[in-house]
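Given next are the chains, with one letter for each unit.
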Amino acid sequence: MKKRSYPITNIGSVSLLMTFIVLCLVIFATLALSGALSEYQYSRKIAEYNSDYYEASNTAMQTLKEIDELLCDAYDAPSERYDTTMKEKLSALKEIDTDFTRNEPTITYLVPVNDTQTLRVVLTVNMSPQTEGGFLRITAWQKIPASEWNGDDSLDLITF
C-alpha cells in the first residue's frame with residue numbers, strides 16, 4: 001500500500017482564523033490610534049483658543065480697570081465739572097472710542113483674541129455723580145469677527 005503524502009503548504013481552518021483575527025486587531029488598533037490622534041489635535045486647538053480668549057479677556061479687564069480709575073478720579077472733582085473732567089480723562093486713553101452724543105454715553109474698545117476674532121467691549125457711563133450703580137456698566141462683552149466676511153454669491157452654472 002502506498003502512503004499518502006500531504007502537501008507541505010497545508011493551511012487549515014485554525015490558521016485562517018488566526019490570520020483573520022490578527023488582521024482585524026491590526027485594523028482596529030490603527031483606527032483607535034487615528035481617532036486618539038485627531039482627538040488630541042482637537043483638544044490642543046481648543047486649549048490654544050481658550051488661552052488666547054482668556055489673555056484677551058484679561059487685557060480687556062485691565063483696560064476696564066484703567067477706565068474705572070479715571071472715572072473715580074473724575075468723580076473726586078467738583079460735581080458741576082464731573083462731565084468735562086470725565087471727558088478729558090477718557091480722551092487720554094488712545095485705544096478706546098467714546099460717544100458722548102447719547103443720553104447714556106458709551107465707551108467702546110476692541111481687544112484682539114486671535115487672527116480671526118476680536119473681543120468687543122461696550123461700556124455705558126453713569127453720568128450722574130451719584131455712584132450707587134457704579135461709574136459704568138458693561139453693555140456688551142462679545143466676540144466678533146476680526147475681518148468682514150465677503151461671500152461670493154455668484155454662480156457660474158453655464159459658461160460658453
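Residues numbered from 1 in each chain as written. Predicted model: local features only at pLDDT ≥ 70, side-chain atom pairs only at ≥ 80, totals over all residues. Heavy atoms only, no water.

### Comments concerning the pattern of salt bridges
Once their charged atoms are close, side chains differing in charge can pair, the charge on each being opposite to the other. Tallying each qualifying case throughout the model produces one salt bridge. The salt bridge involving R137 is made with E104; its shortest N-O contact spans 3.4 Å. Within this pair, whereas R137 is found in strand β4 (residues 136-145), its partner E104 is found in the loop between β1 (96-99) and β2 (106-112), the two being separated by 33 residues in sequence. Under the relative-accessibility criterion, R137 is labelled partly exposed at 45%. (Salt bridge = Lys/Arg side-chain N within 4 Å of Asp/Glu carboxyl O. Helix = DSSP H or I, 4+ residues; strand = E, 2+ residues; numbered from the N terminus. Buried < 20%, exposed > 50% of the residue type's maximum accessible area, 1.4 Å probe, protein only.)

### A few points about the nonpolar core
Grouped together as the largest cluster of nonpolar side chains are 22 residues, with contacts concentrated most on I67, L71, L90, Y109 and L123. For this core, the elements supplying multiple residues, two or more each, are α1 (13-76), α2 (82-91), β2 and β3 (117-125). Per element, the largest residue contribution to this core is eight residues, and it comes from α1. Those residues in contact with L123, other than ones at most four positions away along the chain, are L64, I67, P105, T106, I107, Y109, L136, R137, I138 and T139. (Core = buried A, V, L, I, M, F, W, Y, C linked by side-chain atoms within 4.5 Å. Contact = heavy atoms within 4.5 Å.)

### What to know about the sheet that holds β2
Strands sit in the order β1-β2-β3-β4 across an open sheet of four strands; the sheet is antiparallel. The two strands at the open ends of the sheet, each matched to only one other strand, are β1 and β4. The sheet shows a mean angle of 20° between the axes of neighbouring strands, direction not considered. Pairing between β1 and β2: four bridges, direction antiparallel. Paired with T98 across the bridge in β2 is I107. (Pairing = 2+ DSSP bridges. Axes fitted to C-alpha atoms, helices over the stretch in contact; angles between N-to-C directions.)

### Focus: the side chain of T63
Among the structural elements, T63 can be located in helix α1. The class of T63 is buried, set by a relative accessible area of 8%. In this structure, T63 is in contact with E95, I96 and Y109, ignoring residues within four places of it in sequence.

### Concerning a nonpolar patch on the surface
A surface patch of nonpolar side chains, about 620 Å² in accessible area, is lined by V14, L17, M18, F20, I21 and L25. The residue V14 is located in helix α1 in this model. (Patch = residues over 30% accessible without salt bridge, like charges linked within 9 Å, V, L, I, M, F, W, Y side chains within 5 Å. Areas by Shrake-Rupley, 256 points an atom, 1.4 Å probe, with all protein chains shown as cover.)

### Focus on the pairing of β3
Of all nine residues making up β3, seven are buried, and the element is well covered by its neighbours. In this structure, β2 lies alongside β3, joined through seven bridges in antiparallel fashion. Within β3, the position partnered with V111 by the bridge is L119. Remark: four residues form the turn of the hairpin made by β2 and β3, two consecutive strands paired antiparallel.

### Focus on the environment of Q117
Inspection of the secondary structure assignment puts Q117 in strand β3. Look at Q117 and you get partly exposed, because its relative accessible area is 24%. Sequence separation between Q117 and Y53 is 64 residues; the distance between their C-alpha atoms is 9.2 Å. Leave out the neighbours within four places in its chain, and Q117 touches Y49, P112, K143, I144 and A146.

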